[in-house]
Amino acid sequence: MTIFCSHCHRPLQAEMSCLPRRGKQAPSASKPFRSTKSASKARRDQINVELQALRSLLPISAREKERLSYLHTMALVCLRLRGAQLFPPDSAPPVGPALGTELLSLLPGFLLVLSANGKLVYISENVDQVLGLSMVELLAQGDTVFDILDGRTREDVRKKLLLAQEQPGREVMFVSEMRTSKAFRLQHGGNQAVAVRGRFMALRWPASPSTTAFLALCTPVARLPADSDAGSQDDLFQSTHILDMMFTDVTESVTYHLGYRREELIGQSWYSLLHPEDADLAAAQHRAVGELLGAGAAAETAVLRLLRRDWTWTWLSVSARRDCGGHSITCTSRCLR
């Protein structure tokens with residue numbers, strides 16, 4: 001019995017070449033060519049060329065460019081693009097490099113600019129004097145302000161930025177630890193506490209999230225003390241309160257730090273001295289102390305602003321604990337310089 005080929009209708013044993021050979025099929029539209037090693041290498045080489053071109057355009061030193069990884073290069077490029085969107089080249093003031101460096105050296109801290117969603121847009125070059133990290137090294141931590149902050153304060157900072165965004169032009173201020181270099185931590189025993197003061201501003205009209213930026217000055221303050229840190233007794237005062245945080249006693253050193261006489265504070269509420277922006281954080285600490293059952297149990301330290309007698313605000317690191325019997329609360333407040 002003769003078997004005929006379905007393609008050419010000739011006897012199968014007479015002609016085998018008409019059958020499609022394995023591995024020789026022409027690719028269909030639904031099955032494109034597979035990538036070869038040479039094609040993959042060509043693509044990688046092209047990507048490397050483009051990254052080198054982008055790296056060459058970055059306004060940083062040649063030494064820093066040599067140390068950039070691919071991901072780091074892209075992070076810096078994104079930073080520059082965000083900056084160009086908020087600050088178009090034709091809107092920037094004509095400030096020369098020498099003048100810019102001179103002005104930065106006069107600042108008590110470094111400048112920080114954020115987009116509406118907290119993305120880093122600009123960090124002034126003198127940041128290394130405060131954190132021990134250059135602007136390039138700091139970006140290795142991430143591309144948002146929350147990536148360079150201590151994790152314990154991120155949620156509080158997020159609330160402050162939302163408050164400032166809802167009311168453009170309103171100044172907000174917070175203190176948080178920022179990440180530093182390993183050498184800095186070894187020398188100073190931890191990260192750097194920084195007071196951030198800034199506001200959201202519309203850079204162009206009409207105002208929108210893409211044309212609004214948070215402009216801030218970041219000033220270093222004394223290292224936030226640990227609960228067990230003995231420290232100098234000259235930097236602290238203690239106060240005793242009933243459970244609703246009304247003053248029942250306070251050490252005489254409060255006069256030096258806040259300007260009030262002891263008698264003026266007894267009978268007043270702790271909340272009457274708090275900055276309105278810090279009331280939520282203080283209330284959270286108050287609730288945490290109230291939920292502690294053991295005598296001497298302490299809540300996590302909070303950094304708050306209190307009103308001085310001369311109507312200025314001072315930053316305090318406040319730790320609170322329940323006293324024996326659980327009927328009163330003792331606060332130890334350290335003044336941050």
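Scoring rules and cut-offs
- Residues numbered from 1 in each chain as written.
- Predicted model: local features only at pLDDT ≥ 70, side-chain atom pairs only at ≥ 80, totals over all residues.
- Heavy atoms only, no water.
- UniProt positions renumbered as here; feature names shortened; annotations may be inferred.
- Helix = DSSP H or I, 4+ residues; strand = E, 2+ residues; numbered from the N terminus.
- Buried < 20%, exposed > 50% of the residue type's maximum accessible area, 1.4 Å probe, protein only.
- Areas by Shrake-Rupley, 256 points an atom, 1.4 Å probe, with all protein chains shown as cover.
- Polar contact = N/O pair within 3.5 Å; in protein donor to acceptor, adjacent residues only side chain to side chain.
- Salt bridge = Lys/Arg side-chain N within 4 Å of Asp/Glu carboxyl O.
- Pairing = 2+ DSSP bridges.
- Axes fitted to C-alpha atoms, helices over the stretch in contact; angles between N-to-C directions.
- Contact = heavy atoms within 4.5 Å.
- Expected span 1.5 Å × (residues − 1).
- Arc of directions from axis to C-beta.

Per an unreviewed UniProt entry, the protein goes by NPAS4 protein and derives from Phaetusa simplex. Quoted verbatim from the Subcellular location (unreviewed entry) field of UniProt, the annotation for the protein is "Nucleus".

(A) A look at the overall build of the protein. When you go through the protein residue by residue, the secondary structure sums to eleven helices and ten strands. The proportion of buried residues among the 337 residues of the protein is 37%. Carbon and sulfur atoms form 57% of the exposed surface of the protein, whose accessible area is close to 20100 Å².

(B) Main features of unusual backbone geometry. Positive phi, normally seen in glycine, also occurs at M245, with a value near 70 degrees. Its place among the elements puts M245 in the loop between strand 6 (236–242) and strand 7 (247–250). For M245, a relative accessible area of 5% gives the class buried. Unusually for a residue other than glycine, W311 sits at a positive phi of about 70 degrees. Tracing the sequence through the fold places W311 in the loop between strand 8 (302–307) and strand 9 (313–322).

(C) Quick peek at the side chain of H241. Its place among the elements puts H241 in strand 6. Reaching out from H241, the side chain makes a polar contact with the backbone oxygen of M245 at a distance of 3.3 Å.

(D) Region of the structure containing the pattern of salt bridges. Summed over all chains, the structure comprises 14 salt bridges. For K119, the salt bridge is made with D143, and the minimal N-O distance between the two is 2.8 Å. Pair noted here: K119 is in the loop between strand 1 (110–114) and strand 2 (120–123) and D143 is in the loop between helix 6 (135–139) and helix 7 (154–166), with a separation of 24 residues, a long-range link. For E264, the salt bridge is made with R261, and the minimal N-O distance between the two is 3.9 Å.

(E) Representation of the sheet that holds strand 7 within the structure. With antiparallel pairing, the five strands of this open sheet are ordered in space as 7-6-10-9-8. With one partner strand each, in any of the chains shown, strand 7 and strand 8 form the two edges of the open sheet. Going from strand to strand, the sheet's axes swing by 35 degrees on average, the running direction of each strand aside. Here strand 6 pairs with strand 10 (residues 328–335) via seven bridges, running antiparallel. Its bridge partner lying in strand 10, F237 is registered against S333. Against the sheet, helix 11 (residues 279–291) engages strand 8, strand 9 and strand 10, with an angle of about 15 degrees to strand 9.

(F) View of helix 7. With 13 residues, helix 7 extends 18 Å between its outermost C-alpha atoms, agreeing within 8% with the 18 Å of an ideal straight helix rising 1.5 Å per residue. Within the span of helix 7, buried status applies to V157, K160, L161 and A164. Down the axis of helix 7, the smallest arc covering the buried residues is 95 degrees, so these residues share one side. Away from its buried face, by an angle of more than 90 degrees, helix 7 presents the exposed residues K159 and E166.

(G) Structural view of the sheet that holds strand 5 (residues 212–220). Spatially, five strands are ordered 2-1-5-4-3 in an open sheet, and the strand pairing comes out antiparallel. Since the sheet does not close on itself, it has two edges, and those belong to strand 2 and strand 3 (172–178), each with one partner. Strand-to-strand twist in this sheet, taken as the mean axis angle between neighbours without regard to direction, amounts to 25 degrees. In this structure, strand 1 lies alongside strand 5, joined through five bridges in antiparallel fashion.

(H) Structural view of the pairing of strand 8. For strand 8, the tally of buried residues reaches six of six residues, placing the bulk of the element in the interior. Neither face of strand 8 is open: one carries A302, L304 and L306, the other V303, R305 and L307, and all of them are buried. Inspection of the sheet shows strand 8 paired to strand 9 by six bridges, in the antiparallel sense. Each bridged residue has a counterpart across the sheet, and for A302 the counterpart in strand 9 is V318. In textbook terms, the turn of a hairpin is the stretch between consecutive antiparallel strands, and for strand 8 and strand 9 this stretch comprises five residues, one of which, W311, has a positive phi near 70 degrees.

(I) How the structure looks around the side chain of T180. Here T180 is to be found in the loop between strand 3 and helix 8 (182–188). Overall, the relative accessible area of 3% leaves T180 in the buried class. Here the side chain of T180 touches N191 through a polar contact of 3.0 Å, side chain to side chain. In contact with T180, not counting residues within four places along its chain, are L131, L133, R185, G190, N191 and Q192.

(J) Expanded view of the pairing of strand 1. The buried fraction of strand 1 amounts to four of the five residues, a majority that puts the element mostly inside the structure. Linking two consecutive strands that pair antiparallel, namely strand 1 and strand 2, is a turn of five residues; a positive phi of about 85 degrees is found at G118 within it.

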